[in-house]
Amino acid sequence: MPASIGVSLLGAGNVGSAVLSALIKDFERNKQLIGAKLELKHVLVRDIKKHQKKFKDVNFTNNFNDVLNDQDTLIVIELLGGQDPAKDYIAALLKAGKHIVTANKEVMAQSGSELTNLAVKHGTSIRYEASVGGGIPIIGPLSRDLLANEIFSISGIINGTTNYMLSLMHQEKMSYKDALLKAQKLGYAEPDPRNDVQGIDAAYKLAILCGLAFHVDIDPASIFCQGISEIQLKDLNYADELGYVIKLLARAELINNEITCIVCPTLIAKKEPLSKVDGVLNAIQLQGNLVGQVIFEGPGAGAFPTSSAILGDVIDAAKNIKNSFSNISNTQLNKIEVSNSENFISRYYLRLNVVDEPGVLAAISGIMSEHQISIASVIQTESDQESQTAQLVLITHKASRGKIDSVINAINKEKKVDSVVNLLPIID
(Lines give C-alpha, C1' and ligand atoms only; values in the text may rest on other atoms or scores of the structure.)
Protein backbone atom coordinates (compact mmCIF):
# COMPACT_ATOMS: atom_id res chain seq x y z
CA MET A 1 0.00 0.00 0.00
CA PRO A 2 1.43 3.41 -0.95
CA ALA A 3 2.53 5.74 1.84
CA SER A 4 1.77 8.70 -0.38
CA ILE A 5 -0.41 9.34 -3.43
CA GLY A 6 0.74 11.95 -5.94
CA VAL A 7 -1.77 14.56 -7.05
CA SER A 8 -1.32 17.10 -9.86
CA LEU A 9 -3.56 19.91 -11.04
CA LEU A 10 -4.29 21.26 -14.50
CA GLY A 11 -5.23 24.91 -13.97
CA ALA A 12 -5.08 27.22 -10.97
CA GLY A 13 -7.74 29.81 -11.64
CA ASN A 14 -10.47 30.78 -9.20
CA VAL A 15 -11.55 27.20 -8.44
CA GLY A 16 -8.07 25.75 -8.88
CA SER A 17 -6.62 28.13 -6.32
CA ALA A 18 -9.33 27.17 -3.83
CA VAL A 19 -8.59 23.47 -4.40
CA LEU A 20 -4.87 24.10 -4.04
CA SER A 21 -5.34 26.02 -0.78
CA ALA A 22 -7.57 23.28 0.65
CA LEU A 23 -5.12 20.52 -0.31
CA ILE A 24 -2.32 22.34 1.51
CA LYS A 25 -4.41 23.39 4.52
CA ASP A 26 -6.17 20.04 5.07
CA PHE A 27 -3.09 17.86 4.63
CA GLU A 28 -3.36 16.09 8.01
CA ARG A 29 -7.14 15.64 7.85
CA ASN A 30 -6.92 14.12 4.36
CA LYS A 31 -4.14 11.79 5.53
CA GLN A 32 -6.36 10.51 8.34
CA LEU A 33 -9.32 10.01 5.98
CA ILE A 34 -7.31 8.17 3.35
CA GLY A 35 -4.67 6.36 5.40
CA ALA A 36 -1.97 7.78 3.12
CA LYS A 37 -0.80 11.31 2.49
CA LEU A 38 -1.72 13.29 -0.63
CA GLU A 39 1.51 14.62 -2.10
CA LEU A 40 1.15 17.64 -4.40
CA LYS A 41 3.39 17.04 -7.43
CA HIS A 42 2.74 19.53 -10.26
CA VAL A 43 0.35 22.38 -11.08
CA LEU A 44 0.00 23.23 -14.76
CA VAL A 45 -0.47 26.97 -15.41
CA ARG A 46 0.30 29.48 -18.15
CA ASP A 47 1.99 32.12 -15.99
CA ILE A 48 4.29 30.47 -13.43
CA LYS A 49 5.53 33.72 -11.84
CA LYS A 50 2.00 34.96 -11.23
CA HIS A 51 1.02 31.91 -9.18
CA GLN A 52 4.34 31.52 -7.34
CA LYS A 53 3.68 34.83 -5.58
CA LYS A 54 0.77 33.23 -3.72
CA PHE A 55 1.98 29.62 -3.45
CA LYS A 56 5.76 29.81 -2.99
CA ASP A 57 6.43 26.14 -2.27
CA VAL A 58 4.27 24.68 -5.06
CA ASN A 59 5.89 23.15 -8.14
CA PHE A 60 4.26 25.08 -11.01
CA THR A 61 4.89 24.13 -14.63
CA ASN A 62 3.71 25.22 -18.06
CA ASN A 63 4.59 21.88 -19.66
CA PHE A 64 1.81 19.26 -19.72
CA ASN A 65 4.35 16.48 -20.21
CA ASP A 66 5.68 17.11 -16.69
CA VAL A 67 2.33 15.87 -15.39
CA LEU A 68 1.80 13.16 -18.01
CA ASN A 69 5.21 11.56 -17.54
CA ASP A 70 5.39 11.80 -13.74
CA GLN A 71 5.04 8.22 -12.49
CA ASP A 72 4.30 9.40 -8.95
CA THR A 73 1.23 11.37 -10.06
CA LEU A 74 -1.68 8.96 -9.68
CA ILE A 75 -4.57 11.49 -9.57
CA VAL A 76 -4.94 14.52 -11.85
CA ILE A 77 -7.47 17.27 -11.17
CA GLU A 78 -8.51 18.91 -14.46
CA LEU A 79 -9.76 22.48 -14.01
CA LEU A 80 -8.92 24.02 -17.38
CA GLY A 81 -12.52 24.20 -18.59
CA GLY A 82 -13.69 24.07 -22.20
CA GLN A 83 -13.22 21.30 -24.74
CA ASP A 84 -9.69 22.04 -25.96
CA PRO A 85 -7.13 21.03 -24.86
CA ALA A 86 -8.89 19.55 -21.81
CA LYS A 87 -10.38 16.52 -23.57
CA ASP A 88 -7.09 15.51 -25.22
CA TYR A 89 -5.23 15.98 -21.93
CA ILE A 90 -7.74 13.82 -20.04
CA ALA A 91 -7.57 11.09 -22.69
CA ALA A 92 -3.77 11.07 -22.61
CA LEU A 93 -3.72 10.91 -18.81
CA LEU A 94 -6.22 8.04 -18.71
CA LYS A 95 -4.11 6.11 -21.21
CA ALA A 96 -1.14 6.71 -18.91
CA GLY A 97 -3.05 5.02 -16.07
CA LYS A 98 -3.88 8.14 -14.07
CA HIS A 99 -7.19 8.74 -12.29
CA ILE A 100 -9.03 11.92 -13.30
CA VAL A 101 -11.15 14.31 -11.25
CA THR A 102 -12.80 17.03 -13.32
CA ALA A 103 -15.35 19.83 -13.07
CA ASN A 104 -15.54 20.14 -16.86
CA LYS A 105 -19.22 19.96 -17.82
CA GLU A 106 -18.55 20.61 -21.50
CA VAL A 107 -16.14 17.71 -21.88
CA MET A 108 -18.30 15.33 -19.84
CA ALA A 109 -21.49 16.29 -21.70
CA GLN A 110 -19.94 15.82 -25.12
CA SER A 111 -17.41 13.05 -24.50
CA GLY A 112 -18.32 11.51 -21.14
CA SER A 113 -19.06 7.98 -22.33
CA GLU A 114 -15.98 7.94 -24.59
CA LEU A 115 -13.71 8.94 -21.71
CA THR A 116 -15.42 6.55 -19.28
CA ASN A 117 -14.84 3.67 -21.70
CA LEU A 118 -11.22 4.77 -22.06
CA ALA A 119 -10.86 4.68 -18.27
CA VAL A 120 -12.28 1.15 -18.15
CA LYS A 121 -9.94 0.02 -20.91
CA HIS A 122 -6.88 1.32 -19.06
CA GLY A 123 -7.92 0.25 -15.56
CA THR A 124 -8.36 3.75 -14.18
CA SER A 125 -11.30 6.07 -13.40
CA ILE A 126 -12.84 9.46 -14.08
CA ARG A 127 -14.88 11.32 -11.47
CA TYR A 128 -16.93 14.45 -12.20
CA GLU A 129 -19.16 15.32 -9.24
CA ALA A 130 -18.31 19.04 -9.59
CA SER A 131 -19.45 19.19 -13.23
CA VAL A 132 -23.13 19.57 -12.24
CA GLY A 133 -24.53 21.55 -9.34
CA GLY A 134 -21.26 22.80 -7.83
CA GLY A 135 -21.34 21.70 -4.19
CA ILE A 136 -24.55 19.67 -4.53
CA PRO A 137 -23.86 15.91 -4.38
CA ILE A 138 -25.78 14.59 -7.40
CA ILE A 139 -23.38 12.55 -9.58
CA GLY A 140 -22.60 10.15 -6.72
CA PRO A 141 -26.23 9.51 -5.75
CA LEU A 142 -27.23 8.91 -9.38
CA SER A 143 -24.31 6.58 -10.08
CA ARG A 144 -24.57 4.69 -6.78
CA ASP A 145 -27.33 5.37 -4.24
CA LEU A 146 -30.25 5.57 -6.69
CA LEU A 147 -29.17 2.79 -9.05
CA ALA A 148 -32.05 0.54 -7.98
CA ASN A 149 -34.53 3.16 -9.25
CA GLU A 150 -35.92 3.67 -12.68
CA ILE A 151 -35.58 7.45 -12.95
CA PHE A 152 -38.27 8.88 -15.20
CA SER A 153 -38.05 12.62 -14.58
CA ILE A 154 -35.37 15.26 -13.95
CA SER A 155 -36.14 18.92 -13.26
CA GLY A 156 -33.38 21.29 -12.28
CA ILE A 157 -32.31 24.86 -11.71
CA ILE A 158 -28.70 24.20 -12.61
CA ASN A 159 -27.31 27.56 -13.65
CA GLY A 160 -26.57 29.94 -10.78
CA THR A 161 -26.00 32.97 -13.01
CA THR A 162 -29.45 32.99 -14.57
CA ASN A 163 -31.14 32.07 -11.30
CA TYR A 164 -29.45 35.01 -9.60
CA MET A 165 -30.46 37.36 -12.43
CA LEU A 166 -34.12 36.29 -12.49
CA SER A 167 -34.32 36.48 -8.69
CA LEU A 168 -32.80 39.97 -8.79
CA MET A 169 -35.15 41.13 -11.55
CA HIS A 170 -38.18 39.91 -9.59
CA GLN A 171 -37.18 41.05 -6.11
CA GLU A 172 -35.55 44.38 -7.01
CA LYS A 173 -37.81 45.19 -10.00
CA MET A 174 -34.72 45.38 -12.17
CA SER A 175 -34.35 45.12 -15.96
CA TYR A 176 -32.55 42.20 -17.61
CA LYS A 177 -29.71 44.48 -18.69
CA ASP A 178 -29.17 45.89 -15.19
CA ALA A 179 -29.37 42.43 -13.61
CA LEU A 180 -26.72 41.14 -16.01
CA LEU A 181 -24.41 44.06 -15.25
CA LYS A 182 -24.74 43.43 -11.50
CA ALA A 183 -24.12 39.69 -11.94
CA GLN A 184 -20.97 40.48 -13.94
CA LYS A 185 -19.81 42.99 -11.34
CA LEU A 186 -20.17 40.38 -8.57
CA GLY A 187 -18.42 37.71 -10.63
CA TYR A 188 -21.51 35.53 -11.06
CA ALA A 189 -21.58 36.15 -14.82
CA GLU A 190 -18.66 36.03 -17.25
CA PRO A 191 -17.72 39.05 -19.40
CA ASP A 192 -19.16 37.00 -22.28
CA PRO A 193 -22.30 35.56 -20.62
CA ARG A 194 -23.75 33.71 -23.60
CA ASN A 195 -23.18 30.17 -22.31
CA ASP A 196 -25.18 31.02 -19.20
CA VAL A 197 -27.94 33.34 -20.45
CA GLN A 198 -28.61 31.31 -23.61
CA GLY A 199 -29.03 28.09 -21.61
CA ILE A 200 -26.00 26.31 -23.12
CA ASP A 201 -24.37 25.68 -19.74
CA ALA A 202 -27.60 24.15 -18.41
CA ALA A 203 -27.91 21.96 -21.53
CA TYR A 204 -24.41 20.52 -20.93
CA LYS A 205 -25.33 19.70 -17.34
CA LEU A 206 -28.68 18.19 -18.33
CA ALA A 207 -26.95 15.92 -20.85
CA ILE A 208 -24.65 14.65 -18.08
CA LEU A 209 -27.61 14.00 -15.75
CA CYS A 210 -29.51 12.17 -18.50
CA GLY A 211 -26.52 9.94 -19.13
CA LEU A 212 -26.49 8.86 -15.49
CA ALA A 213 -30.24 8.73 -14.89
CA PHE A 214 -31.36 7.09 -18.14
CA HIS A 215 -28.12 5.28 -19.15
CA VAL A 216 -28.08 6.95 -22.55
CA ASP A 217 -25.69 9.10 -24.53
CA ILE A 218 -27.24 12.48 -25.34
CA ASP A 219 -25.71 15.10 -27.58
CA PRO A 220 -26.20 18.46 -25.78
CA ALA A 221 -26.72 20.09 -29.19
CA SER A 222 -29.92 18.05 -29.59
CA ILE A 223 -31.51 19.57 -26.47
CA PHE A 224 -34.08 22.30 -27.11
CA CYS A 225 -32.55 25.40 -25.59
CA GLN A 226 -34.04 28.85 -24.93
CA GLY A 227 -32.29 31.45 -22.77
CA ILE A 228 -33.52 34.26 -20.56
CA SER A 229 -32.52 37.30 -22.63
CA GLU A 230 -36.12 37.91 -23.77
CA ILE A 231 -37.57 37.79 -20.26
CA GLN A 232 -38.81 41.21 -19.20
CA LEU A 233 -39.88 42.54 -15.84
CA LYS A 234 -43.47 42.50 -17.13
CA ASP A 235 -43.30 38.72 -17.54
CA LEU A 236 -42.08 38.27 -13.96
CA ASN A 237 -44.86 40.55 -12.69
CA TYR A 238 -47.59 38.77 -14.66
CA ALA A 239 -46.28 35.40 -13.50
CA ASP A 240 -46.38 36.63 -9.90
CA GLU A 241 -49.97 37.84 -10.36
CA LEU A 242 -50.93 34.40 -11.67
CA GLY A 243 -49.23 32.57 -8.77
CA TYR A 244 -45.95 31.60 -10.46
CA VAL A 245 -42.26 32.47 -10.57
CA ILE A 246 -40.05 32.25 -13.65
CA LYS A 247 -36.91 30.11 -13.54
CA LEU A 248 -34.53 28.81 -16.20
CA LEU A 249 -35.48 25.16 -15.88
CA ALA A 250 -33.73 22.11 -17.31
CA ARG A 251 -36.14 19.20 -17.73
CA ALA A 252 -35.92 15.66 -19.01
CA GLU A 253 -38.68 13.05 -19.03
CA LEU A 254 -38.61 9.40 -20.02
CA ILE A 255 -41.98 8.57 -21.60
CA ASN A 256 -42.67 5.42 -23.64
CA ASN A 257 -38.95 4.77 -24.07
CA GLU A 258 -38.39 8.25 -25.48
CA ILE A 259 -36.59 11.10 -23.74
CA THR A 260 -37.78 14.67 -24.03
CA CYS A 261 -35.17 17.26 -23.03
CA ILE A 262 -35.72 21.00 -22.78
CA VAL A 263 -33.97 23.99 -21.24
CA CYS A 264 -36.02 27.18 -21.13
CA PRO A 265 -37.53 29.84 -18.85
CA THR A 266 -40.54 28.23 -17.19
CA LEU A 267 -43.40 29.40 -14.99
CA ILE A 268 -43.32 27.32 -11.80
CA ALA A 269 -46.25 27.37 -9.38
CA LYS A 270 -45.34 28.97 -6.04
CA LYS A 271 -46.39 25.82 -4.18
CA GLU A 272 -43.64 23.82 -5.94
CA PRO A 273 -40.30 23.43 -4.08
CA LEU A 274 -38.23 24.57 -7.09
CA SER A 275 -40.03 27.93 -7.10
CA LYS A 276 -38.36 28.81 -3.79
CA VAL A 277 -34.79 28.29 -5.01
CA ASP A 278 -33.39 31.83 -5.33
CA GLY A 279 -30.11 33.60 -5.95
CA VAL A 280 -27.11 31.51 -6.97
CA LEU A 281 -28.55 28.35 -5.40
CA ASN A 282 -29.13 25.29 -7.57
CA ALA A 283 -31.63 22.47 -7.08
CA ILE A 284 -32.25 19.17 -8.84
CA GLN A 285 -35.48 17.22 -8.46
CA LEU A 286 -35.66 13.56 -9.46
CA GLN A 287 -38.60 11.16 -9.73
CA GLY A 288 -37.87 7.47 -9.28
CA ASN A 289 -40.12 4.43 -9.21
CA LEU A 290 -38.91 3.36 -5.73
CA VAL A 291 -37.73 6.52 -4.01
CA GLY A 292 -40.49 8.80 -5.33
CA GLN A 293 -39.49 12.47 -5.43
CA VAL A 294 -36.12 13.60 -4.08
CA ILE A 295 -34.60 17.08 -4.19
CA PHE A 296 -30.94 18.08 -3.94
CA GLU A 297 -30.37 21.75 -3.18
CA GLY A 298 -27.34 23.89 -2.41
CA PRO A 299 -24.77 26.34 -3.78
CA GLY A 300 -24.40 25.60 -7.48
CA ALA A 301 -21.37 27.75 -8.17
CA GLY A 302 -18.40 29.39 -6.54
CA ALA A 303 -14.87 28.31 -5.76
CA PHE A 304 -15.49 26.77 -2.33
CA PRO A 305 -18.66 24.72 -3.10
CA THR A 306 -17.02 23.46 -6.31
CA SER A 307 -13.77 22.62 -4.50
CA SER A 308 -15.84 20.66 -1.98
CA ALA A 309 -17.10 18.36 -4.73
CA ILE A 310 -13.68 18.11 -6.39
CA LEU A 311 -11.84 17.19 -3.20
CA GLY A 312 -14.54 14.71 -2.29
CA ASP A 313 -13.79 12.93 -5.57
CA VAL A 314 -10.03 13.17 -4.94
CA ILE A 315 -10.33 11.59 -1.49
CA ASP A 316 -12.60 8.86 -2.87
CA ALA A 317 -10.14 8.10 -5.68
CA ALA A 318 -7.20 8.10 -3.24
CA LYS A 319 -8.94 5.68 -0.85
CA ASN A 320 -9.65 3.34 -3.74
CA ILE A 321 -6.03 3.52 -4.90
CA LYS A 322 -4.85 2.73 -1.38
CA ASN A 323 -7.18 -0.26 -1.26
CA SER A 324 -6.24 -1.27 -4.82
CA PHE A 325 -9.86 -0.92 -5.85
CA SER A 326 -11.47 1.14 -8.58
CA ASN A 327 -15.13 2.08 -8.62
CA ILE A 328 -15.32 2.49 -12.36
CA SER A 329 -18.74 1.98 -13.80
CA ASN A 330 -18.72 0.00 -17.04
CA THR A 331 -22.43 0.47 -17.66
CA GLN A 332 -23.07 0.31 -21.39
CA LEU A 333 -24.67 3.53 -22.56
CA ASN A 334 -27.22 3.31 -25.34
CA LYS A 335 -27.28 5.82 -28.15
CA ILE A 336 -30.83 7.13 -28.55
CA GLU A 337 -32.33 10.18 -30.16
CA VAL A 338 -33.83 12.92 -28.04
CA SER A 339 -37.53 13.21 -28.76
CA ASN A 340 -38.40 16.19 -30.95
CA SER A 341 -39.30 19.26 -28.89
CA GLU A 342 -42.58 19.40 -30.83
CA ASN A 343 -43.74 16.48 -28.67
CA PHE A 344 -43.14 18.36 -25.41
CA ILE A 345 -46.53 18.76 -23.68
CA SER A 346 -47.26 21.52 -21.21
CA ARG A 347 -49.54 24.37 -20.34
CA TYR A 348 -48.20 27.64 -21.75
CA TYR A 349 -47.92 31.30 -20.88
CA LEU A 350 -48.33 33.51 -23.94
CA ARG A 351 -47.82 37.30 -23.88
CA LEU A 352 -48.93 39.33 -26.86
CA ASN A 353 -48.76 42.99 -27.78
CA VAL A 354 -52.05 43.65 -29.60
CA VAL A 355 -53.83 46.52 -31.31
CA ASP A 356 -56.19 48.17 -28.84
CA GLU A 357 -59.50 47.73 -30.62
CA PRO A 358 -62.64 45.60 -30.27
CA GLY A 359 -62.56 41.98 -31.45
CA VAL A 360 -58.89 41.26 -30.75
CA LEU A 361 -59.48 38.59 -28.12
CA ALA A 362 -62.20 36.99 -30.25
CA ALA A 363 -59.82 36.82 -33.23
CA ILE A 364 -57.06 35.19 -31.16
CA SER A 365 -59.49 32.79 -29.49
CA GLY A 366 -60.71 31.77 -32.93
CA ILE A 367 -57.18 30.99 -34.12
CA MET A 368 -56.46 28.92 -31.03
CA SER A 369 -59.75 27.07 -31.38
CA GLU A 370 -58.89 26.18 -34.98
CA HIS A 371 -55.69 24.56 -33.70
CA GLN A 372 -57.54 22.76 -30.88
CA ILE A 373 -55.88 24.73 -28.09
CA SER A 374 -58.09 26.02 -25.30
CA ILE A 375 -57.51 29.08 -23.12
CA ALA A 376 -57.53 28.62 -19.35
CA SER A 377 -57.28 32.29 -18.31
CA VAL A 378 -56.66 35.78 -19.71
CA ILE A 379 -55.10 38.98 -18.36
CA GLN A 380 -55.65 42.16 -20.38
CA THR A 381 -53.80 45.27 -19.28
CA GLU A 382 -54.74 48.89 -19.74
CA SER A 383 -53.97 50.24 -23.19
CA ASP A 384 -50.99 52.39 -24.12
CA GLN A 385 -52.64 55.56 -25.44
CA GLU A 386 -49.55 56.65 -27.37
CA SER A 387 -49.05 53.41 -29.31
CA GLN A 388 -52.72 52.35 -29.24
CA THR A 389 -51.70 48.87 -28.12
CA ALA A 390 -52.39 46.65 -25.11
CA GLN A 391 -50.76 43.66 -23.44
CA LEU A 392 -52.66 40.37 -23.54
CA VAL A 393 -51.52 37.42 -21.40
CA LEU A 394 -53.04 34.00 -22.12
CA ILE A 395 -52.66 30.79 -20.14
CA THR A 396 -53.44 27.70 -22.19
CA HIS A 397 -54.50 24.21 -21.22
CA LYS A 398 -52.04 21.41 -21.99
CA ALA A 399 -50.87 21.19 -25.59
CA SER A 400 -47.84 19.97 -27.53
CA ARG A 401 -45.10 22.43 -28.41
CA GLY A 402 -45.71 21.63 -32.07
CA LYS A 403 -49.34 22.77 -31.86
CA ILE A 404 -48.35 25.88 -29.91
CA ASP A 405 -45.76 26.79 -32.56
CA SER A 406 -48.42 26.42 -35.26
CA VAL A 407 -50.69 28.76 -33.31
CA ILE A 408 -47.89 31.31 -32.92
CA ASN A 409 -47.29 31.28 -36.68
CA ALA A 410 -50.99 31.89 -37.30
CA ILE A 411 -51.23 34.62 -34.63
CA ASN A 412 -48.23 36.41 -36.13
CA LYS A 413 -50.22 36.79 -39.37
CA GLU A 414 -53.21 38.34 -37.59
CA LYS A 415 -53.34 42.09 -38.30
CA LYS A 416 -54.71 42.83 -34.83
CA VAL A 417 -51.52 41.41 -33.23
CA ASP A 418 -48.50 43.71 -33.09
CA SER A 419 -46.08 41.06 -31.77
CA VAL A 420 -45.77 37.80 -29.83
CA VAL A 421 -43.55 38.88 -26.95
CA ASN A 422 -43.02 35.65 -25.00
CA LEU A 423 -44.00 31.99 -24.93
CA LEU A 424 -43.09 29.96 -21.83
CA PRO A 425 -44.12 26.52 -20.51
CA ILE A 426 -45.79 26.16 -17.09
CA ILE A 427 -45.32 23.68 -14.23
CA ASP A 428 -48.22 23.45 -11.76
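Our structure's up above, just so we're on the same page.
Residues numbered from 1 in each chain as written. Predicted model: local features only at pLDDT ≥ 70, side-chain atom pairs only at ≥ 80, totals over all residues. Heavy atoms only, no water.

Run through the overall build of the protein, naming residues and quoting values.
Scanning the protein from N- to C-terminus turns up 15 helices and 19 strands. The C-alpha radius of gyration of the protein comes to 24 Å, within 12% of the 22 Å expected for a compact globule of 428 residues. For the C-alpha atoms alone, the extent of the protein along its principal axes is close to 80 × 45 × 35 Å. The buried share of the protein, reckoned over its 428 residues, is 53%. Put simply, 73% of the contacts in the protein that link residues at least 6 apart link residues at least 24 apart. Accessible surface, the protein: about 19,600 Å² in total, of which carbon and sulfur atoms supply 47%. Measuring between centres, the 41 positive side-chain charges of the protein sit 6 Å from its 47 negative side-chain charges. (Helix = DSSP H or I, 4+ residues; strand = E, 2+ residues; numbered from the N terminus. Rg over C-alpha atoms; globule rule 2.2 N^0.38 Å. Buried < 20%, exposed > 50% of the residue type's maximum accessible area, 1.4 Å probe, protein only. Contact = heavy atoms within 4.5 Å. Areas by Shrake-Rupley, 256 points an atom, 1.4 Å probe, with all protein chains shown as cover. Lys, Arg positive; Asp, Glu negative; His and termini not counted. Charge placed at Lys NZ, Arg CZ, Asp CG, Glu CD.)

Could you give me a rundown of the packing of helix H8 (residues 160-172) against helix H9 (residues 176-185), with the residues and numbers involved?
Between H8 and H9, whose axes approach to 9 Å, the crossing angle comes to 130°. Here H8 is positioned oblique relative to H9, judged by the angle of their axes. Helix-helix and strand crossings are classified by hand; for H8 and H9 the assignment is right-handed. The residues of H9 that touch H8, namely those facing Tyr164, Met165, Leu168 and Met169, are Tyr176, Ala179, Leu180, Lys182 and Ala183. (Axes fitted to C-alpha atoms, helices over the stretch in contact; angles between N-to-C directions. Parallel < 35°, antiparallel > 145°, perpendicular 65-115°, else oblique. Left-handed = near helix turned anticlockwise from the far one by under 90°.)

Can you tell me about the environment of Asp196, naming the residues and giving the values?
Along the chain, Asp196 turns up in helix H10 (residues 194-197). Residue classification places Asp196 among the buried positions, given a relative accessible area of 12%. Once residues within four sequence positions are removed from consideration, Asp196 is found in contact with Asn159, Thr161, Thr162, Asp201 and Leu248. A polar atom in the side chain of Asp196 sits 3.4 Å from the side chain of Thr161. (Polar contact = N/O pair within 3.5 Å; in protein donor to acceptor, adjacent residues only side chain to side chain.)

Describe in detail the pattern of salt bridges, supporting the description with residues and values.
This model, assessed by the stated rule, comprises 16 salt bridges. For the salt bridge of Lys271 with Glu272, the shortest nitrogen-to-oxygen distance reads 3.6 Å. Note that Asp428 is salt-bridged to Arg347, the shortest N-O span being 2.8 Å. With a gap of 81 residues between them, Asp428 in the segment after strand E19 (417-427) and Arg347 in strand E15 (residues 345-355) connect regions that are remote in the sequence. (Salt bridge = Lys/Arg side-chain N within 4 Å of Asp/Glu carboxyl O.)

Scope: geometric values only; no functional claims are made or implied.
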